[in-house]
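Analysis of the macromolecular model
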Amino acid sequence: MATYTLEGRTGTWEIVVGLEIHAQVISESKLFSGASATYGGAPNDHVSFVDAGFPGMLPVINAECVAQAVRTGLGLKAQINLESRFDRKNYFYADLPNGYQISQFQMPIVGTGTVEIELQDGTIKHIGITRLHLEQDAGKSMHDQHPAKSVIDLNRAGVALMEIVSEPDIRSPEEAGAYLRKIRQIVRYLGTCDGNMEEGSMRADVNVSVRKAGEPFRTRCEIKNVNSVRFVMHAIEAEAIRQIEVWEQGGEVVQETRLYDPSKGETRSMRSKEDAHDYRYFPEPDLLPLIIEQSWVDELKAKLPELPDEKRARFCAEYGIPFYDAGVLVADQTTADFYETVAKGRDGKLAANWITGDFFAALNRTGASIETSPVSAAALGQLLDLIADKTINGRIAKDVFEEMVETGAMPAEIVEKKGLRQVTDTGAIDEAVTKVLADNQDKVAEYKSGKDKLFGFFVGQVMKAMQGKGNPALVNEAVKKQLG
Amino acid sequence: MSLDAATVRRIARLARIRVDDAEVETLQSELNAILGYVEQLAEVNVEGITPLSGGAQMALRHRPDQLSDGGIAEQILANAPDRVGNFFAVPKVVE
Amino acid sequence: MSLLNLTLAQASKALHAGEVSATELTTAYIKAVEELNPRLNAFITPTPELALAQARDADARLKSGTATPLTGIPIAMKDLFCTAGVRTTAASKILSPFVPPYESTVSAKLKAAGAVTLGKANLDEFAMGSSNITSAYGPVENPWKRTGSDAKLVPGGSSGGSAAAVAARLALAATGTDTGGSIRQPAAFTGIAGIKPTYGRCSRYGIVAFASSLDQAGPMARTVEDNAMLLNVMAGFDEKDSTSANVAVPDFTQALTRGVAGKRIGIPREYRLDGTNPEILALWDQGIAWLREAGAEVIDISLPHTKYGLAVYYIVAPAEASSNLARYDGVRFGAREDGHDLIDMYERTRAAGFGPEVKRRIMIGTYVLSHGYYDAYYLKAQKVRALILRDFQQAFTQVDAILTPTAPSAAFGLGEKMDDPVTMYLNDVFTVPASLAGVPAMSVPAGLSSEGLPLGLQIIGRHFDEETVFAVSAAIEKAAGFNALPELRAK
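Description of the structure in this document. In this text the structure is predicted, and so the values were computed from the model without any measurement. (Residues numbered from 1 in each chain as written. Chains lettered and ligands numbered in written order. Predicted model: local features only at pLDDT ≥ 70, side-chain atom pairs only at ≥ 80, totals over all residues. Heavy atoms only, no water.)

Quick look at the interface of chain B and chain A now. Frequently, the measure chosen for interface size is the accessible area that the parts lose on association. Of the residues lining the interface, 38 residues belong to chain B; the matching set on chain A comes to 51 residues. Note on chain B versus chain A: buried area summed over both sides is about 3800 Å², and carbon and sulfur give 59% of it. Among the residues chain B hides against chain A, the three largest losses belong to Leu60, Arg63 and Phe87 of chain B. Together they make up 20% of the total. For the pair chain B and chain A, the number of links is two salt bridges. Here lysine 149 of chain A makes a salt bridge to aspartate 82 of chain B, at a shortest N to O gap of 3.1 Å. Where chain B meets chain A, there are 25 residue pairs in polar contact (both at pLDDT 80 or more). Contributing elements (two or more residues each) for the side of chain B that touches chain A: α1 (5–14), β1 (62–63), α3 (73–77) and β3 (87–91) of chain B. Its residues assigned to classes, the side of chain B that touches chain A shows 19 nonpolar, nine polar and ten charged. Two elements, strand β3 (residues 61–62) of chain A and β1 of chain B, share two bridges in a ladder whose sense is parallel. (Contact = heavy atoms within 4.5 Å. Buried area = accessible area lost by both parts, 1.4 Å probe. Salt bridge = Lys/Arg side-chain N within 4 Å of Asp/Glu carboxyl O. Polar contact = N/O pair within 3.5 Å; in protein donor to acceptor, adjacent residues only side chain to side chain. Helix = DSSP H or I, 4+ residues; strand = E, 2+ residues; numbered from the N terminus. Nonpolar A, V, L, I, M, F, W, Y, C, P; charged D, E, K, R; others polar. Pairing = 2+ DSSP bridges.)

And the structure:
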């Protein structure tokens, strides 16, 4: 594995990164109220009195959000804490209705775990998970709706979030990107978060520090709310470069919260110093300890879908496809399912080649996704069957596939309609060969005088004469025989 | 432990309560009297004691994940001191 | 006899027998409120029209045979219970414009039973206080007077309005809430009975929160029986409150005649604090004697950490309050003061909206939770709280109930004990330990001081054993035969 470093004036620097990912839990209703957790909605329409922090309102926990956190913990191969607690994190902000956020500070529901990431060069690295805890999302303040006022919509307030905290194990922007994508892949497989970074249902706080090789950690800065994989990678680099400059100019990096500005490609300080935060965490007295049973955890575990790492290993073993291809095919659940439908009971390698080759190319070209693809898994499977039972040959199959992409028709239908069935009648083949040789007597003479390369020319001419439908092996055989 | 005026001001700021200088002085002496009184807890040996954080000794009850609330924007906003349409309104925040 | 002198049980009987209508009874109380409330200030918001409408409904129910024992009973609702469509202030300026669009579970249960609400009763601001002087709507006057004196006395707090209303016959009964003694101490100061049930017995949903781990609603009325009848309706599991206990509610009135024969009554030696008023100690001894005569076994017990109760309370309650009251920020409800930016708006709104005692408690609570002080104050207090609970649990292996005085003195004068907050806090010294442990405790009027003021005794029971508390309280009530009446009362 190539070590990522940055060159400064005073030498070589390495970077140390840890990520806090906020992943919005997929659920019908909010963490502590029965209001809708769905994205969007008219202003303040997905809001109950509980969410708006009205006097006397009390939180009651949503069982599904707890289950989602446990599933995610299991997916991160992490320790599930059978007893956890909720705490209040106290601070004032216009979109935080209670003046505190209910979170888990001292005793999170999920403890340490680990995630495997794969880098561009094929290296595998493990990133430690420190914890995962449940907490409430805040509402949304908007500053551009009115000339003199900020306005607040509480639809998001109280929606369940999972905060997934990594160890400071990440050493390059690439690793950070791979880690974030891997977490997104896992939660999507689990169905615990949709991973949609554009809508903000997944966002990351990035902790960055720099150091010379062999040094202990230096002061870190936290870049808040970065909302794409690309921006996370850019922000890390920009922040690392900034910190190196500060250190190299004899300065001191101050621990602070920063914001990444994608348009400028730089980070800037977010909060003024006078507003030093003191969150005054204490156990949420409106809730009791969250106790879950091991048997329930086991039940959830038994029902967990196969996760990408396991699926990838199984694809390699079961279908005999290369590790790299398997990685591409398990990138998301839909692709993996598509592949398995096609590969089941067929040549797994051929299925993989078709999907990663012609099929993906067709999706790219037409801008379709697997869900909207004109070629279904069943159709592609049928095409492979037609090749396997020698109804069509590989070359014709390509034409049939293009036709499938264009019309959405089933391959058998196309083959029938266009008469693309492969010719295996040796009489017909012999006839075609005889004609080609007769028409090209000069070439035959050249061949016989030692120009072996012309063999391919004769085969090609025969196939052409047969509109590509000749069985290639039989054609070869016939040409060889007639040339003597 | 005794509070100085600067700490009183810091606490007031954390609590988002505006205090003037005269109030700081009064609060300082009152808060110190209370802190002086609770100082007696120092003498209690609590080694190995699990803190009691709640009034009830039971496990948390869960509710099923059902849509059962919301859709009451007008009631949510009915008591608002200021609103713009169906949004709550506050003095403009410059970020 | 005036309608106003009936107990709740008697009134209920009369209503069901058709001897009096809910409208007549309610009208009598509305008149009483009109006459005396301007002086006593027991109600912040009287709701006579609403009461009459409810009384008419009650009469219909009484006629149709769907009435409950509380149908047509006029009560005062502490203004800490959110009532749909009726302003709810928590006695704070910051909530002065607040009209809840929802109803608290306890008030909803009382409504559903047919009780008539005369109005919202005064209290200490956000229930923080022991004398009802911190209300932004003015203090409540205790209807009792010292013999030969016209000095205004406090009714106790925080449920001072509820207590004064019941004592002065401005309501047949009232709801209260108790965080460190807010039902029991005012009950003792005004010569009525009141019970703080087990934490989790009554739902906290819709009650403006002071200290979540301590707050508990309960009834206040003239007799132990009246309290039992009210608690029958107020208690019960509520899925909207995660701390509400899913425990069956017995008919508490059944426990009243159990007697105390064979019951073991604990007398905690640590409650004989140095300097306690000898009158209070004498009354306590009298209570012990009554119970012994009634066949109870009196046992000397120890609650060694009791003396730290107040110190624990004055860390835990303000800490929770500082967080619970953060929502009053002028954004979604309540009063707002304009500011030049968001923070300025917050700071002005909260400075103008909260009174001095509330500010003090928010400040103390903020401090004890702040970085660097949490372990020394809050965590330490929680550990001592665990020891206090353990004291009670151990005591209850030896005894069935505990008897103590309710308050260290009789009602004091408006303006007394106000020099510093700590002196005022000492009022709660006997009531706070049961709050911290979450066990039920009741105050029963047991006698008069030499100055002619009522004094109460406190009966503490095991978690969810309100029945024994009622049984012992009924025995004390019977033995005491307390029938003195306050000077100021509607007739």
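Read on, since the account is not over.
Contacts between chain B and chain C engage 53 residues on the former and 69 residues on the latter. Here chain B and chain C share an interface that buries about 5300 Å² over both sides, 69% of which is from carbon and sulfur atoms. Run the count over chain B and chain C and you get five salt bridges. Here aspartate 344 of chain C makes a salt bridge to arginine 18 of chain B, at a shortest N to O gap of 3.7 Å. Put simply, chain B and chain C have 16 residue pairs in polar contact (both at pLDDT 80 or more) between them. Those elements giving two or more residues to the side of chain B that touches chain C turn out to be α1, α2 (21–38), α3 and β3 of chain B. Considering each element in turn, the side of chain B that touches chain C owes the most residues, nine residues, to α2 of chain B. Taken together, the residues of the side of chain B that touches chain C break down into 33 nonpolar, ten polar and ten charged.

In terms of nonpolar packing, the biggest core is built from 221 residues, with Leu110, Phe126, Leu170, Phe392, Leu403 and Phe470 of chain C touching the most fellow members. Of all the elements, helix α12 (residues 375–395) of chain C adds the most residues to this core, at eleven residues. Apart from residues lying up to four places away in sequence, phenylalanine 392 of chain C is in contact with Tyr271, Leu303, Ile402, Pro433, Ala434, Ala437, Val439 and Ile460 of chain C. Within the second largest apolar cluster, 116 residues are counted, among which are Ala23, Met162, Tyr179 and Tyr339 of chain A. (Core = buried A, V, L, I, M, F, W, Y, C linked by side-chain atoms within 4.5 Å. Buried < 20%, exposed > 50% of the residue type's maximum accessible area, 1.4 Å probe, protein only.)

What follows covers the sheet that holds strand β6 (residues 100–103) of chain A. Sheets are built from strands paired through backbone hydrogen bonds, the pairs being either parallel or antiparallel. Taken in spatial order, the three strands make up an open sheet running β6-β5-β16 (chain A), and their pairing is antiparallel. The sheet terminates laterally at β6 and β16 (282–283) of chain A, the two strands that pair on one side only. Here strand β5 (residues 87–90) of chain A pairs with β16 of chain A via two bridges, running antiparallel. Bridge pairing in β16 of chain A places arginine 88 of chain A opposite phenylalanine 282 of chain A. Contacts between helix α9 (residues 309–324) of chain C and the sheet are confined to β5, β6 and β16 of chain A, with β5 of chain A contributing the most and set at about 60° to the helix. (Axes fitted to C-alpha atoms, helices over the stretch in contact; angles between N-to-C directions.)

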